[in-house]
Amino acid sequence: MSQGNIGVPVQVTEIDPEKLDVCTVLEVINRISGKWAIGILLEAIRGPVRFTELERAVEGISRRMLTLTLRNLERDGLLRRTIYPTVPPRVEYEATAMAKELYQSLNGLLGWAEQHRDDIAAARVAYDAAS
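All values derive from a computational prediction rather than experimental measurement. (Residues numbered from 1 in each chain as written. Predicted model: local features only at pLDDT ≥ 70, side-chain atom pairs only at ≥ 80, totals over all residues. Heavy atoms only, no water.)

### Notes on the overall build of the protein chain
- For the protein chain, the count of helices and strands is five helices and three strands.
- Counting from the amino terminus, the protein chain carries its helices and strands in the arrangement α-α-β-α-α-β-β-α.
- Just so you have it, the protein chain exposes about 10,300 Å², and 56% of that area is on carbon and sulfur atoms. (Helix = DSSP H or I, 4+ residues; strand = E, 2+ residues; numbered from the N terminus. Areas by Shrake-Rupley, 256 points an atom, 1.4 Å probe, with all protein chains shown as cover.)

This is the structure in structure tokens:
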């Protein structure tokens, strides 16, 4: 049987609260800007949604990735999971108030993307032609 790291001194370092705050913010931004999170949140904003409904609605997502993304969004306080005591158990996911607030910001970003879609496409063509 392995003794692991028994007897090995652990070095404790102080964590700068400011760095911790920045890391937390960056983690959340990375999470919501991930490949699947926005699609899941958009479905959950409409109302309670079940796992299989999300699996069908978010094109290309695997069951494993859907499970991980749901777990992370729930951990970050953007989704609320409700388990109903039925046979088989019924599980629904619903956007929290914080997620609904995020949706308003995403709408602004989507509007900006729509407004500048042609400019971005033209800039890409010009860049690729110059390279």
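### Looking at the sheet that holds strand S3 (residues 90-95)
- Taken in spatial order, the three strands line up as S1-S3-S2 in an open sheet, and their pairing is antiparallel. Single-partner strands in this sheet number two, and they are strand S1 (49-50) and strand S2 (79-84). (Pairing = 2+ DSSP bridges.)

### Here we look at the nonpolar core
- Counting 21 residues, the largest nonpolar core has Ile-40, Leu-70 and Leu-79 as the members making the most contacts within it.
- Elements that contribute at least two residues to this core include exactly helix H2 (37-45), helix H3 (51-57), helix H4 (63-75), S3 and helix H5 (97-130).
- With four residues, the top contributor of residues to this core is H2.
- With residues up to four places along the chain from it excluded, the contact list for Ile-40 reads Leu-54, Val-58, Ile-61, Leu-66, Thr-69, Leu-70, Leu-73 and Leu-79. (Core = buried A, V, L, I, M, F, W, Y, C linked by side-chain atoms within 4.5 Å. Buried < 20%, exposed > 50% of the residue type's maximum accessible area, 1.4 Å probe, protein only. Contact = heavy atoms within 4.5 Å.)

### So, the confidence of the model for the protein chain
- Averaged over the protein chain, the pLDDT score is 86; the fraction of residues at 70 or greater is 82%.
- Mean pLDDT across the elements of the protein chain bottoms out in helix H1 (residues 17-32) (74) and peaks in S1 (97).
- Note that pLDDT drops below 50 for residues 1-10; the model gives that stretch zero contacts with residues more than four away or on any other chain. (pLDDT = per-residue confidence, 0-100.)

### Regarding H5
- If you check H5, its first and last C-alpha atoms are 46 Å apart, about what 34 residues at 1.5 Å a residue would give, namely 50 Å.
- When the local axis directions of H5 are compared, the greatest deviation, roughly 60 degrees, occurs at His-116.
- All buried positions along H5 are accounted for by Ala-99, Leu-102 and Leu-106. (Expected span 1.5 Å × (residues − 1). Bend = angle between axes of the 7 residues up to and from the residue.)

### Notes on the packing of aromatic side chains
- The full count for this structure, using the stated rule, is zero aromatic pairs.
- Looking at Arg-90, its charged tip hangs above the ring of Tyr-84, at a distance of 4.0 Å from the centre. (Phe/Tyr/Trp six-rings, centres within 6.5 Å; stacked < 30°, edge-to-face > 60°. Lys NZ or Arg CZ within 6 Å of the ring centre and 35° of its normal.)

### What to know about the pattern of salt bridges
- Applying the stated criterion across every chain, the model contains seven salt bridges.
- As a salt-bridge pair, Glu-94 and Arg-80 come within 4.0 Å of each other at their nearest N and O atoms. Of this pair, Glu-94 sits in strand S3 while Arg-80 sits in strand S2, placing them 14 residues apart in sequence.
- Note on Glu-94: relative accessible area 29%, which makes it partly exposed.
- Arg-117 serves as the salt-bridge partner of Glu-114, at 2.4 Å between the closest nitrogen and oxygen. Taken together, the residues span about one helical turn, with Glu-114 and Arg-117 both in helix H5 at a distance of three residues.
- Judged by its relative accessible area of 47%, Arg-117 is partly exposed. (Salt bridge = Lys/Arg side-chain N within 4 Å of Asp/Glu carboxyl O.)

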